[in-house]
Amino acid sequence: MKQQTLTMQDALNTAKMLSEALPYLQRYADSVVVVKFGGNAMGDDAAMAEFARDIVLMRQVGVNPVVVHGGGPMINDMLNKLGIKSEFVRGKRVTDKATVQVVEMILSGLVNKRIVQAIMDAGGRAVGISGKDDDLMVCEADDPELGFVGRPVEMNVQVLRDLYKAGIIPVIAPVGTGMADNETFNVNGDTAAGAIAGALQADRLLLLTDVQGVKNAAGEVMTQITPDEIRQMTADGVISGGMIPKTETALLAIEQGTRAVTILDGRIPNACLLELFTDHGAGSQIRS
Ligand code: X2W
């Protein structure tokens, strides 16, 4: 007899939950889901392990997850240690030559490999790359005021298809290459995730962050929003600050063919599963 760690009621609930997930599992079989994992959503090792389990579970049930990560807080820590000052203009880090080297080191090295390892530890297969690999994300300078901040202008996403078709979960650091030789660009993680989701015509883009979602003028989280509502709320100043790059990314990804974008709190346990496989959903879903 199996050792009993659950009560009968808990076990029944688990079985019922799995059964209720069937229509969602069927709906998302073979779909492409781009998940942006922001530095603020990463948390401690336990939270990282849980995120990795969710991603591996998605893969196990036939979804093709593509992970794009951030790492802003980790870049800040290293810049502080090195005594390099850093500032943000309109949500993007002003990036000089010394800063872009630290950004690449932290994103492509430390953060990317931490996520790859967590996925491997959860029993999945993952390969970590940046936007430089196979010219995945070719950029131009976004704005002369920002230095080496990139705006993706050409996406070559075949490498991602090759990886997920082989059962491998791609994990992407938002560092881009340029048109000229030997250029490196720092790309905002949300921007990179939107460009990748758009180029892949992904079924879903999940932007995991540390806020509950998009709030209306009364401060309530809106569960469903259309692109037109987003535009209106931005013009009215209801959407502001750090939410702007996220909603802009969402609109761009939808314009390019992503079916729906969800902005959700990555600190909620099993946020991705809640959103994809339950009646409840999570955060704010943007779709036409
Ligand atoms: C970001 C890249 C990392 C990022 C930066 O330097 O912080 C720009 O601002 P989160 O954790 O998703 O914020 N790049 C241009 O986006 O990280």
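Refer to the preceding data block for the structure.
This report concerns the structure included in the present document. Just so you know, these numbers come straight off a predicted model, no measurement behind them.

1. What about the packing of helix α9 (residues 227–235) against helix α10 (residues 243–255)?
Thought 1: The interhelical angle for the contact between α9 and α10, taken along N-to-C directions, is 150°, at an axis separation of 11 Å. It follows that α9 is roughly antiparallel to α10 by the angle criterion. Here the hand of the crossing between α9 and α10 comes out left-handed. Residues Pro227, Ile230 and Arg231 of α9 form the contact with α10, whose participating residues are Thr247, Leu251, Ile254 and Glu255.
Thought 2: The class makeup of the residues in the contact of α9 with α10 is four nonpolar, one polar and two charged.

2. Some thoughts on the site of the ligand
Thought 1: What surrounds the ligand is a group of 16 residues, the closest being Lys36, Gly39, Gly71, Arg93 and Gly189.
Thought 2: Contacts to the ligand include Gly39, whose backbone N or O atom sits 2.7 Å from an oxygen atom.
Thought 3: Within the side chain of Arg93, an N or O atom sits 2.7 Å from an oxygen atom of the ligand.
Thought 4: Alone, the ligand offers 430 Å² of accessible surface; in the complex the protein occludes 90% of this.
Thought 5: Applying the majority rule of atoms within 2 Å of the grid points places the ligand in the largest pocket.
Thought 6: Every element with two or more residues in the shell around the ligand is listed here: α5 (72–82) and β4 (92–93).
Thought 7: The dominant element in the shell around the ligand, judged by the number of residues it contributes, is α5, at three residues.

Conventions we followed
Residues numbered from 1 in each chain as written. Predicted model: local features only at pLDDT ≥ 70, side-chain atom pairs only at ≥ 80, totals over all residues. Heavy atoms only, no water. Axes fitted to C-alpha atoms, helices over the stretch in contact; angles between N-to-C directions. Helix = DSSP H or I, 4+ residues; strand = E, 2+ residues; numbered from the N terminus. Parallel < 35°, antiparallel > 145°, perpendicular 65-115°, else oblique. Left-handed = near helix turned anticlockwise from the far one by under 90°. Contact = heavy atoms within 4.5 Å. Nonpolar A, V, L, I, M, F, W, Y, C, P; charged D, E, K, R; others polar. Near = heavy atom within 4 Å. Polar contact = N/O pair within 3.5 Å; in protein donor to acceptor, adjacent residues only side chain to side chain. Areas by Shrake-Rupley, 256 points an atom, 1.4 Å probe, with all protein chains shown as cover. 1 Å grid on protein atoms, 1.4 Å probe; cavity = no way out; pocket = protein on both sides within 12 Å on 5 of 7 lines; lining within 4 Å. Sits in = over half its atoms within 2 Å of the grid points.

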